[in-house]
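Below are the chains, spelled out letter by letter.
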Amino acid sequence: NERIPLTPPMRLLLEIENMAQASPATVSRGGVIFMNSFDVGWQPYVTSWIQNREIDSERTQLTALFQKYAGRSMEFVLRNLKTVVPIPEISMVQSLTYIVEGIIGNGEELLQQMKHMGQEAGNKVLEMIFMYATIWATAGALVADKQSDHRASFDKWFRAEFSDPIAIPEEGMVFDYLVDKDKLEFANWGTRTASYHHDADTVFGNIFVATMETERLSYLLDLLMMNRHACMLIGGAGTGKTTILKDKLRNMDPEVYSNMGINLNCFTDSLLLQSGMESVLEKKTGRTFGPPGSKRLVYFIDDLNMPEVDKYGTQQPIALLRQLFDYSGWYSRDKLTWREIAQVQVVSCLNPTAGSFFIDKRLQRSYFSLAVQLPSPENLELIFESILSNHLAGFNPDVGKAASKLVKASIDIQKSVADTFLATAVKFHYVFNLRDIGNIFEGLLRARPEFFTTPLPMIRLWLHECERVFADRMITEADLQKYGEIMESVSKKWFDGENQEKLLARPNMFTTFMYPGPGEDDRPYTQSGDSAKLRETVEQKLTEYNEVNAVMDLVLFDMAVEHVCRTCRTIDRPRGNALLVGVGGSGKQSLARLASFICQMDVYQITVTSSYGVNEFKEDLLSLFQRAAVKGQPTSFILVDSQIVNERFLVFLNDFLASGNIPDIFQNDMKDEFRNAMRNEAKQAGVQDTPENLWDFFIDKARKNLHLILCFSPVGEQFRVRARQFPALVNATVFDYFHPWPQDALLAVAQWFVHGTQGINQENYESVAAHMAYIHTSVGAASEDFQASERRYNYTT
């Protein structure tokens, strides 16, 4: 309740939303001036911008073009259509001027073109450019989803409204065209999309296939980032926002630009964000700070709306960014002196269905906002067929021919699953998107020609990967059954020429530990054969584990073996992280340890004591990075939800899962130490010796060798809240749900413990074991009745 005295020269300017927390006494002391949004409007900004254009002949035409196109387009969009986030009118006008500036620059080139082609042709080019800019500035952020396609509505209106004197070609939508200044026509993006060339050594997460959608977004990003404007891609989870921006940053000139990625989450405050952003800056002169050398630094801030909204409706990191955008600097936290931040710019991603949904309008207006839709089925086919057919090029031609069907079947099953299984409060993780199709194909790319000589094993591998991606998330038997029906119908639809009985035969499990490969790190991903052989192999591995570690007394029934195989599949690949979900006592930790041993990894677990806190966890993480990246030792980090004694642990895990980089644990001297340790290895790999490249090499190697296995319980609210606050926990891991053990598993465990127990006669072993299993299942059934009638939970494990 501190009072800040105002001196006579000081004034307070408040807006309605700033007074939400004010008392009536405060409000009554303010002089109120009511302003309509159209009292000032956007015209003064446009007039000022046109006056600052260097070429006189442009000004008259630009004024006429604004009157013809801008006002009507914005009015139609704001009145009749819906944007993914609220975008003010002034922001649309700014975006329009940015695009025009990006294409024609200062107008000198267009003036020379006019002299060469004539005034009329020059005017036509400028009007076409203005039409293109109007389409993207006013309608680039429109919603297009299952309920309503506002882009299609805008397309229809724009064609009807502005067909004279220049009409956009009828084919496709108005968004599908750009201006070809040389031919004086609108060119379709489809003709300019680069083809994909497959590189087998590329990590799947870095594969990027250009489509019409990515090309046109990339072109707009180029236009704006070149002139240092902030850009934002907005779309739901798994639409490819982060992939598009990461690809853009990867392909920027490394001599001119450097970049830094920051993932926000609900615990990110302004201090954390500022220290992260300052960690890559150095002092230039006086109060000015900037990136090393003469490069420009691009901050990529992902999940921009995730920070927690405080009591007064503010998000601290958003307020800090507003200060950077509006005043090109911020205050140092130790001496409270002003710091000018030079040579930096920002790009961001935002998911409007998560976090606070929207951000402060004053920051939103500073961004050029673009909506990213889920790719169309045609684009999905192009993306995944390019990847798969390139990979299958060295296989038997019959297997190669199956590529197209596998792609279409994958898109079909993803759509069926997404339409059938909708997210609810309990099934909050039932979000199926582009990532899931990608995960299916990541598995298919592990196939090798010598083990997949006919289409049948390839299709069975596809069935297995679909099951791992979709079925392993299902939390009820009814959902699993429904998924099985979908899988069967899709299989019959696309692979009717194959023997369905052989295709759907059980068990269908693929592993990397059944057959030895040419090297320890090069084990083939193959079908495991029958369940008896698979169980025998896993039991043998358990025996080997018990010889060198503390003995784990496990009964490996079929379901337990399946969970081991699933975990192995996840962690036995670069950047593979697992999320094992099941009630306490269902065997998650023990099976995770066994899976890590099978994949020849060191197992690391923290020991929680009464004094264990954030600093100790940071030290443990640093030692893991040292082990995984510097020493190159494959390591699995098993973390149980009961060990998360401070929710801030999840901030670090979220950063690691999202990008590999955890800004909060790496101080500058620590970074230099790690860079020096990696220098020789990076040199051998042909990496150019710059601080940024060495750091990226270090992070990539850490992500390749360090695998996180999270063991969480679905009981209560905690898991759901954590998944909402830290999206990477679900988005960047492979989900494996532990269902209650079946009757045969309980019987096998009971028999194991009853045999040899004193006081039980040998002839009674079977009946005692059966009785124990029966009691367990009957208590489970009674618990369900108890929950239905009393709304109280009782769990048995």
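Structural notes, computed from the coordinates. Since this is a predicted model, take the numbers as computed values, not measurements. Residue numbers run consecutively from 1 along every chain, following the written order of its sequence. For this predicted model, a pLDDT threshold of at least 70 governs which residues receive local features, and a threshold of 80 or more governs which side-chain atom pairs are given and counted, while totals over whole chains, interfaces and linings are taken from all residues. To get the side-chain values, all heavy atoms of the structure are used, and hydrogens and water are removed first.

All right, on to the state of the cysteines then. By definition, a disulfide links two cysteine residues through a covalent bond between their sulfur atoms. By convention in this document, the label disulfide applies to cysteine sulfur atom pairs within 2.5 Å. The final tally for this structure, using the stated rule, is zero disulfides. Here C349 stays unpaired: no disulfide links it, and the sulfur of C231, its closest cysteine neighbor, is 11 Å away. Assessed through its relative accessible area of 1%, C349 is described here as buried. A simple rule labels every residue: compare its accessible area, found with a 1.4 Å probe on the protein chains alone, to the largest value its type can have, and call it buried under 20%, exposed over 50%, or partly exposed in between.

Glancing now at the pattern of salt bridges. Definition used for salt bridges: Asp or Glu carboxyl oxygen within 4 Å of a side-chain nitrogen of Lys or Arg. Taken as a whole and judged by the stated rule, the model has 37 salt bridges. The partner of R59 in a salt bridge is D56, and the shortest N-O contact between them spans 3.1 Å. Within this pair, R59 and its partner D56 are both found in helix α4 (residues 56-80), separated by three residues, close to a single helical turn. Taking the relative accessible area as the measure of exposure, R59 reaches 28% and is therefore partly exposed. A salt bridge links D572 to R523; its shortest N-O distance comes to 3.1 Å. Separated by 49 residues along the polypeptide, D572 in the loop between α22 (558-571) and β14 (578-581) and R523 in the loop between β12 (510-511) and β13 (526-527) bring together distant segments of the chain. Given the relative accessible area of 18%, R523 is considered buried. A run of DSSP states H or I qualifies as a helix once it reaches four residues; a run of E qualifies as a strand once it reaches two. Both are numbered from the N-terminal end.

The subject of this paragraph is helix α27 (residues 691-705). Take the number of residues in a helix, subtract one, and multiply by 1.5 Å to get its expected span. The first and last C-alpha atoms of α27 sit 21 Å apart over 15 residues, in line with the 21 Å expected at 1.5 Å per residue. The complete set of buried residues in α27 reads L694, W695, F697, F698, I699, K701, A702, R703 and N705. Looking at the buried residues of α27, the elements they touch are α24 (614-630), β16 (635-640), α25 (649-659), α26 (668-684) and β17 (706-712). In this analysis, two residues are considered to be in contact whenever any of their non-hydrogen atoms come within 4.5 Å of each other.

The next subject is the sheet that holds strand β3 (residues 230-234). Here a strand pair is declared whenever DSSP counts at least two bridges between the two strands. If you walk across this open sheet you meet the five strands as β4-β7-β10-β3-β11, and the pairing is parallel. Of all strands in the sheet, those with a lone pairing partner are β4 (257-263) and β11 (367-371), marking the two edges. Pairwise comparison of adjacent strand axes, ignoring direction, gives a mean angle of 20° for this sheet. Bridge analysis of β3 against β11 gives five bridges, and the strand direction is parallel. Each bridged residue has a counterpart across the sheet, and for L233 the counterpart in β11 is L370. Under this scheme, a helix contributes an axis fitted over its contacting stretch, all axes are lines through C-alpha atoms, and angles between N-to-C directions fall in the 0 to 180 degree range.

What follows covers the pairing of strand β1 (residues 177-180). Of the strand pairs in this sheet, β1 and strand β2 (residues 185-188) are connected by four bridges, and their pairing is antiparallel. Its bridge partner being in β2, Y177 is matched across the sheet by N188. Taking the residues that link successive antiparallel strands as the turn, the β1-β2 hairpin has four residues, and the phi of L184 there is positive, at about 55°.

Take the pairing of strand β10 (residues 344-350) next. Of all seven residues that make up β10, seven are buried, and the element is covered over most of its length. Burial along β10 is two-sided: V344, V346, S348 and L350 and Q345, V347 and C349, pointing in opposite directions, are all buried. Pairing geometry for strand β7 (residues 296-302) and β10, over five bridges, is parallel. Looking at the pairing, I301 lines up with S348 of β10.

Attention now goes to a nonpolar patch on the surface. A surface patch of nonpolar side chains, amounting to about 540 Å² of accessible area, comprises I4, L6, M10, L12 and L14. Note on placement: L12 falls in the segment before α1 (24-28). A residue is classified by how much of its surface remains accessible, and L12, at 65% relative accessible area, is exposed. Think of a patch as exposed residues, more than 30% relative accessible area, with no salt bridge, where like charges cluster within 9 Å and nonpolar side chains (Val, Leu, Ile, Met, Phe, Trp, Tyr) cluster within 5 Å. The accessible surface values rely on the Shrake-Rupley method and a 1.4 Å probe; as for residues, cover is taken only from the protein chains in view.

A few words on the packing of aromatic side chains. For Phe, Tyr and Trp, rings pair up if their centres lie within 6.5 Å, where Trp contributes its six-membered ring, and each pair is then called stacked (planes under 30 degrees apart), edge-to-face (over 60) or tilted (otherwise). The full count for this structure, using the stated rule, is 45 aromatic pairs. Centroid distance F666 to W695: 4.9 Å. Interplanar angle 85°. Geometry classified as edge-to-face. Separated by 29 residues along the polypeptide, F666 in the loop between α25 and α26 and W695 in helix α27 bring together distant segments of the chain. Take F666 and W695: they sit in the same class, and that class is buried. Within the aromatic cluster, the residues linked to one another by ring pairs are W42, W49, F66, Y69, F76, F130, W136, F154, W157, F158, F162 and F175. In our convention, an over-ring charge means Lys NZ or Arg CZ found within 6 Å of a ring centre and within 35 degrees of that ring's normal. Geometry around F175 places R151 over its ring, the cationic atom sitting 4.8 Å from the centre.

Before going further, it helps to spend a moment on empty space enclosed by the protein. Over the atoms, a rolling probe the size of a water molecule traces out where space has been left empty. Grid points spaced at 1 Å and placed over the protein atoms alone form the basis of the search, with a cavity being a set where a 1.4 Å probe fits but cannot get out and a pocket an open set showing protein on both sides within 12 Å along at least five of seven lines. Lining residues have an atom within 4 Å of a point. Grid points are joined across faces, edges and corners, and a volume is the space filled by probe spheres set on the points. Summed over all chains, the structure comprises five cavities of 30 Å³ or more. Reported here for the largest cavity is a volume of approximately 70 Å³. Around the largest cavity, the lining residues are I87, S91, M92, S95, W136, A137, T138, A139, G140, A141, F368 and S369. At the level of secondary structure, the elements contributing two or more residues to the lining of the largest cavity comprise α5 (89-104), α7 (119-139) and β11.

Attention shifts here to the packing of α7 against helix α8 (residues 150-161). For the pair α7 and α8, interaxial distance at closest approach is 12 Å and the crossing angle is 145°. Crossing angle aside, the handedness with which α7 passes α8 is right-handed. Contacts between α7 and α8 involve M131, T134, I135, W136, T138 and A139 from the former and R151, F154 and F158 from the latter. The residue classification treats Ala, Val, Leu, Ile, Met, Phe, Trp, Tyr, Cys and Pro as nonpolar and Asp, Glu, Lys and Arg as charged. All others, Gly included, are polar. Looking at the contact of α7 with α8, its residues break down into six nonpolar, two polar and one charged. Crossing chirality is assigned from the near helix's rotation relative to the far helix, an anticlockwise turn below a right angle marking it left-handed and a clockwise turn marking it right-handed.

With that out of the way, let us pick up the side chain of D302. One can find D302 in strand β7. A positive count includes Lys and Arg, and a negative count includes Asp and Glu. His and the chain ends are not counted in either. Comment: no salt bridge for buried D302; closest opposite-charge side chain is K241, at 6.1 Å. If we ignore the near neighbours within four places in the chain, the residues touching D302 are T242, I262, N263, L264 and C349.

What follows concerns the sheet that holds strand β18 (residues 734-737). Read across the sheet, five strands follow the order β15-β16-β17-β14-β18 without closing on themselves; strand pairing throughout is parallel. The open sheet has two edge strands, β15 (602-604) and β18, and neither has a second partner. The sheet shows a mean angle of 20° between the axes of neighbouring strands, taken without regard to direction. Two elements, β14 and β17, share four bridges in a ladder whose sense is parallel. In the strand pairing of β17, L579 is matched with L710. The sheet strands contacting α25 are β16 and β17, and the helix crosses β17 at an angle near 130°.

Moving on: the environment of V734. Among the secondary structure elements, V734 is positioned in strand β18. Along the sequence, V734 and A578 sit 156 residues apart, while their C-alpha atoms lie 4.8 Å from each other. Beyond its immediate stretch of four places on either side in the chain, V734 contacts R569, T570, R573, N577, A578 and L579.

Let us look at helix α9 (residues 212-226). One full turn of an α-helix is made of 3.6 residues, so residues set three or four places apart face in the same direction. Under the 1.5 Å per step criterion, the end-to-end length of α9 is 21 Å for 15 residues, consistent within 8% with the ideal 21 Å. Considered for burial, the residues of α9 that qualify are E213, T214, R216, L217, S218, L220, L221, L223, L224 and M225. Backbone geometry just after α9 places R228 at a positive phi near 65°.

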